[in-house]
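Examining the three-dimensional arrangement
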Amino acid sequence: MIVFGSTLSPYVRKVMVFGAEKGLDMELRMAGMGRGGPEFAAASPFGKMPGFVDGDFAISDSSAIVAYLDAKYPDPNLIPAAPEARARTIWYDELADTIVMAAGSAIFGNRFVIPRVMKGQPDHDAADKAETAVLPPILDYLEGVIPQSGFLVEDRLTLADIAVASPFATLGCVDCRVDPARWPKTAAWVDAIHARPSFAAIIAKDQAAVAAMGGPVMQSAAA
Ligand SMILES: N[C@@H](CCC(=O)N[C@@H](CS)C(=O)NCC(=O)O)C(=O)O
């Protein structure tokens, strides 16, 4: 199985962590932003990462890929079968992909992708506004819903934890972290999910990749 993309993308990381939790052997191939060749183009018709290939089956979109993996490799099951838990898990996946990433893209894009990868002019105000105005209501929400067990759904690891924790790993690479004084439950939950071997190994590589390209570009550095 081949996953196309970079794990600096929360969507790609979600797929790689999901596969790692299932003990799957998945090759990560660099793709996106002009890279990846015809195999990636065939898997991802709009050039978005991740793309995915398993034999003669190709698909893109992280949620589609993890649905495929959970159906094909059901042990351990990471997308619950019970109706309410299943719906709740899909809600958290969607929360991560659209609501958290609305803030995440503005922050990571303007502090790393635009200045370091695209060599463009970042909009630091947009990044700061996303961090100070868009992210806090999301963190307030998470603070209110994280169960005592430390897992979002069914008191065990599911896609919900993997999907929601993934953007916070990308944000950690550009010095945007959950303040434990303001959101103690959320900060502890993020730390615990990121400490799992499936996440920790990827996060170490992501942080090294960001450092190798000069690290994040912050407002103060540009002023
Ligand atoms: N809903 C998609 C989102 C994929 C996506 O937007 N990926 C971004 C990277 S974080 C991307 O490929 N951006 C490059 C582009 O749009 O050309 C998923 O879950 O896989």
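Cut-offs and rules
Every chain is numbered independently, its residues counted from 1 as its sequence is written. Confidence filtering applies because this is a predicted model: local features only for residues at pLDDT of at least 70, side-chain atom pairs given and counted only at 80 or more, and all residues used for totals across whole chains, interfaces and linings. Calculation of side-chain values draws on the structure's entire complement of heavy atoms; hydrogens and water are dropped beforehand. UniProt positions are given in the numbering used here, feature names are shortened, and annotations may be inferred rather than shown by experiment. Helix numbering and strand numbering both begin at the N terminus, where a helix is a DSSP run of H or I of at least 4 residues and a strand a DSSP run of E of at least 2. An automatic or database domain assignment provides the domain bounds reported here. By definition, residues are in contact when any of their heavy atoms lie within 4.5 Å. Note on definitions: buried area is the accessible-area loss of two parts on being combined, 1.4 Å probe, summed for both. Salt bridge, as used here, is a side-chain nitrogen of Lys or Arg placed within 4 Å of a carboxyl oxygen of Asp or Glu. In protein, a polar contact means a hydrogen-donor-capable atom and an acceptor-capable atom, both N or O and within 3.5 Å, with residues adjacent in sequence counting only if both atoms are side-chain atoms; elsewhere, any N or O pair within 3.5 Å suffices. Side-chain classes follow a simple rule in which Ala, Val, Leu, Ile, Met, Phe, Trp, Tyr, Cys and Pro form the nonpolar group, Asp, Glu, Lys and Arg form the charged group, and the remainder, Gly included, forms the polar group. Count a disulfide wherever a pair of cysteine sulfur atoms falls within 2.5 Å. Partly exposed residues are those whose accessible area sits between 20% and 50% of the maximum for their type, while under 20% is buried and over 50% is exposed, using a 1.4 Å probe and protein chains only.

1. Points about the UniProt feature "domain: GST C-terminal" (unreviewed entry) in the protein
Look at the UniProt record and you will see "domain: GST C-terminal" (unreviewed entry) annotated at residues 82–212. Secondary structure content for residues 82–212 is 76% helix and 0% strand, and the end C-alpha separation is 44 Å.

2. Focus on the domain arrangement of the protein
Bring the parts together and some accessible area is lost; that lost area is often taken as the interface size. Partitioning the protein into domains gives domain 1 (2–72) and domain 2 (83–222). Here the C-alpha centre of domain 2 lies 20 Å away from the C-alpha centre of domain 1. Each side of the interface is counted separately: domain 1 has 16 residues, and domain 2 has 23 residues. Across the interface of domain 1 and domain 2, roughly 1600 Å² is buried in total on both sides, 68% from carbon and sulfur atoms. Taken together, the connections running from domain 1 to domain 2 amount to four salt bridges. For the salt bridge of Arg13 with Asp206, the shortest nitrogen-to-oxygen distance reads 3.0 Å. Inspection of the domain 1/domain 2 interface yields 13 residue pairs in polar contact (both at pLDDT 80 or more). Every element with two or more residues in the side of domain 1 that touches domain 2 is listed here: α1 (10–21) and α3 (62–72). Its residues assigned to classes, the side of domain 1 that touches domain 2 shows nine nonpolar, four polar and three charged.

3. Topic: the state of the cysteines
The final tally for this structure, using the stated rule, is zero disulfides. Not engaged in a disulfide, the cysteine Cys173 finds its nearest cysteine sulfur in Cys176; these two sulfurs lie 11 Å apart. Taking the relative accessible area as the measure of exposure, Cys176 reaches 4% and is therefore buried.

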